[in-house]
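What the coordinates show
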Amino acid sequence: MRITMVDDLAGAVRLARKERGWTQAQLAARAHVSRDLVNRLEKGSGRVEVAKVLDILAALGLATRVEPRRSPVDLAAVVRAHEAAP
């Protein structure tokens, strides 16, 4: 799943938690965070520490990956074409 907004992350965490049959309190205990923090994250609050979000994702067994956003233009192809030009 591609996460581009806080609401995407909130939904992914909520879905993964429910798929495991966990309550917010159970996820919080596994991630060593408060239940209130899990609740705020699942509601889409932008005021959650990144380290805590990573702890929650790890507890859920979810991987994170940072990559460039896709561009409508293939920049690598543009560079190759420019380099190949006489």
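A brief structural summary. (Residues numbered from 1 in each chain as written. Predicted model: local features only at pLDDT ≥ 70, side-chain atom pairs only at ≥ 80, totals over all residues. Heavy atoms only, no water.)

1. Quick notes on the pattern of salt bridges
Opposite charge on two side chains permits them to pair, given that their charged atoms come into close proximity. With the rule as written, the count across this model stands at 4 salt bridges. For the salt bridge of Glu-67 with Arg-2, the shortest nitrogen-to-oxygen distance reads 2.9 Å. One end of the pair, Glu-67, is in the loop between α4 (50-60) and α5 (75-84); the other, Arg-2, is in the segment before α1 (6-19), with 65 residues separating them in the sequence. Among the ionic pairs, Glu-42 bridges to Arg-17, the shortest N-O distance being 2.5 Å. Of this pair, Glu-42 sits in helix α3 (residues 35-42) while Arg-17 sits in helix α1, and the two are 25 residues apart along the sequence. Accessibility expressed as a relative area gives 4% for Glu-42, which makes it buried. (Salt bridge = Lys/Arg side-chain N within 4 Å of Asp/Glu carboxyl O. Helix = DSSP H or I, 4+ residues; strand = E, 2+ residues; numbered from the N terminus. Buried < 20%, exposed > 50% of the residue type's maximum accessible area, 1.4 Å probe, protein only.)

2. Let's talk about α1
Its 14 residues place the ends of α1 20 Å apart at the C-alpha level, agreeing with the 20 Å of an ideal helix rising 1.5 Å per residue. Looking at the buried residues of α1, the elements they touch are α2 (24-31), α3 and α4. Just past α1, the residue Gly-21 takes up positive phi, approximately 75°. (Expected span 1.5 Å × (residues − 1). Contact = heavy atoms within 4.5 Å.)

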